[in-house]
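Structural features, examined
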Amino acid sequence: MDIVDGHPRPSSTDPNTDRPPIRPHRSIPDGPPIRPVTPVRPVLSSFPPYPVDLRHRPGSVARHPLAARHPLAAGRRFASGHGVHRLIVATVTVAALAAAATSATALAPNPTTMGVPGAARAPGDLVPLGSGQPGAGRGGAGPAGTAGATPRNSGALPNSTGGARSAAVIPSTWPRGIDVASFQHPDGTAINWPAVHNSGIRFAFVKATEGATYTNPYFAADYRDAFSAGIVVGAYHYARPALPVSTAASQAAYFVQHAGPARGLGQMAPILDLEATGGLSASQLQAWTSTYLQTIETLTGRTPTLYTYRAFWLDDLDNSTAFTKYPLWFSIWNGASSPGTLPGGWSGWRFWQYADSGRIPGISGAVDLDAYCCTFGSFGGVSDGRRSELWKRYATTAWLRAILGPATANEAPAGRGGRWQPFVRGLMYWSVATGALEVQGGIATKYLALNGTNGFLAKPLTDETNARAAGTRQSIFQGGRIFWSRSTGAFSVRGAILAAYLGRGDTASDLGAPLSDEYQVAGGRESAFQRGYLRWDAVTNVVTLIPRT
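Structural notes, computed from the coordinates.

The rules behind these values
- Residues numbered from 1 in each chain as written.
- Predicted model: local features only at pLDDT ≥ 70, side-chain atom pairs only at ≥ 80, totals over all residues.
- Heavy atoms only, no water.
- Pairing = 2+ DSSP bridges.
- Helix = DSSP H or I, 4+ residues; strand = E, 2+ residues; numbered from the N terminus.
- Contact = heavy atoms within 4.5 Å.
- Axes fitted to C-alpha atoms, helices over the stretch in contact; angles between N-to-C directions.
- Buried < 20%, exposed > 50% of the residue type's maximum accessible area, 1.4 Å probe, protein only.

1. Re the sheet that holds strand 17 (residues 435-440)
Read from one edge to the other, the open sheet built from four strands follows the order 14-15-16-17, with strand pairing classed as antiparallel. Of all the strands in the sheet, just strand 14 (412-413) and strand 17 have a single pairing partner and so form its edges. By the bridge criterion, two bridges tie strand 14 to strand 15 (residues 419-423) in an arrangement that is antiparallel. Counterpart to P413 in the pairing with strand 15 is R419. Against the sheet, helix 6 (residues 282-300) contacts strand 14, strand 15 and strand 16 (426-431), and its axis sits at roughly 30° relative to strand 15.

Structure follows, in structure tokens:
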């Protein structure tokens, strides 16, 4: 046995030490027959659409059929509607959003047929996360012929008392949850979700998909029935990293197609379960993970959660600190009252999987146990998907609403990733990397004329702010800046010319405000300003000041 963080883990040369044999893979585990259900229209915005889609009465709302019975509903209503987006064309395929509303299926529930603790696994089922067996993958069978992951969870072994110790010392104010997959359905046994709720469980993660071809056949029924029982639900995807890196986007779209965008009340943000490398190097795996997460945020408008454990992050991602803006679901079965030191630069965790061998009424056999950090009060925001991250800022920022005015179309995916929404006097953009930002007035008009996120300026990096000279304004983008004044209007400055302009003091310099976007000249590029020109030489890479004559 190897030792990681003071805890035993399976040896790479003897992965089955102290473990029962793994059953062979197959693509679809045994289970009850699948029957289709009427899908629930995903909630894409909490704001009435502008312009109003004629297929809906202006301001009409659609109530989720389960909302009235859900404890978080409290009489709240879900906005519905559609909008037309023409200003920024997304480069990411978003057909998954439409497919998610029509492709959902559910298994015929069997709440009265409950198995006994310790029942044998269905053929093809995988063992729970962290069991140390080859192929262990968060409890659900993977695609046929795959070798699976070999988790190296740095916590207590399965069936140990570590989980019981943690359960006894974790503060009672922390909401408790579970995560389930096909493993929790031995011989097709259904989960009795009302019994699970009555035991004190308040949230549940349900495995939805794995790779780009496998869907948990119990997902739709578990997700629906847990929600109906009053449990907050979340869906997770078991990653199968592979090259090229673009396979990450394909897997993300596959997940959203089957799990939906999680934009309703009582729905947590999508989760990426990352514990397999697929043979990728650390840098390749980092790029793959980033692509997957950015695709999810683009398709759903929510910040996805990342599940991992310490040894995997340290060994296989070189302890990367590039993902700290994504909430962490951390796994360690240490028998303590907290997960302890976190890898990857995370300063805190959102969810903690503290045990793998819990016993919960309504579930046959063992189940992973989880906790939320750290109060029921804050949990309400995490479990309400009706407002996107972009809309949360708009709805809670009075000055922003006053400046931008009402929306003129629904929020939509933006080119090169992220989300955007147009308003009467500007627009908003959001991604996990940038947060929700506004672009307003003449600067917004210029930005859209330069093709928005699809143009050379790419994504906004700041709200509009003062430039150096009185009465001048600017917005900063990945590819340059747009400056504005009432007398000159809005113009972009970029590259080496921008660096020279900023070095001279931008609008407060001897050049004044820009009078043009950058344009081509013989041998290079040039920008015009109130009191001169800056010319860039393509051969020497030197920027020269040319005074006005």
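Further notes follow.
2. Focus: the environment of S487
Mapped onto the elements of the fold, S487 is located in the loop between strand 20 (480-485) and strand 21 (489-493). Taking the C-alpha atoms as reference, S487 lies 9.4 Å from T472; in sequence the two are 15 residues apart.

3. Concerning the sheet that holds strand 21
The sheet built from four strands is open, its strands ordered 18-19-20-21 with antiparallel pairing. Each of the sheet's edge strands pairs with one partner strand only, and the pair in question is strand 18 (465-466) and strand 21. Bridge analysis of strand 19 (residues 472-477) against strand 20 gives six bridges, and the strand direction is antiparallel. Each residue of the ladder has a partner; that of R473, found in strand 20, is W484. Sitting on the sheet, helix 12 (residues 495-504) touches strand 20 and strand 21, and the angle it makes with strand 20 is about 55°.

4. As for unusual backbone geometry
Across the chain, the bulk of peptide bonds are trans and the bulk of non-glycine residues have phi less than zero. The linkage connecting L243 with the following residue, P244, adopts the cis geometry, with an omega of 0°. One can find P244 in the loop between strand 8 (232-238) and helix 5 (247-259). Across the junction of C373 and C374, the peptide omega takes the value 5°, indicating a cis bond. Phi angles above zero are rare outside glycine, and D506 is one such case at about 40°. Note that D506 resides in the loop between helix 12 and strand 22 (519-521). Its relative accessible area of 2% is what places D506 among the buried residues. The phi dihedral of N541 falls on the positive side, at around 60°, and the residue is not glycine. For N541, a relative accessible area of 51% puts it in the exposed group.

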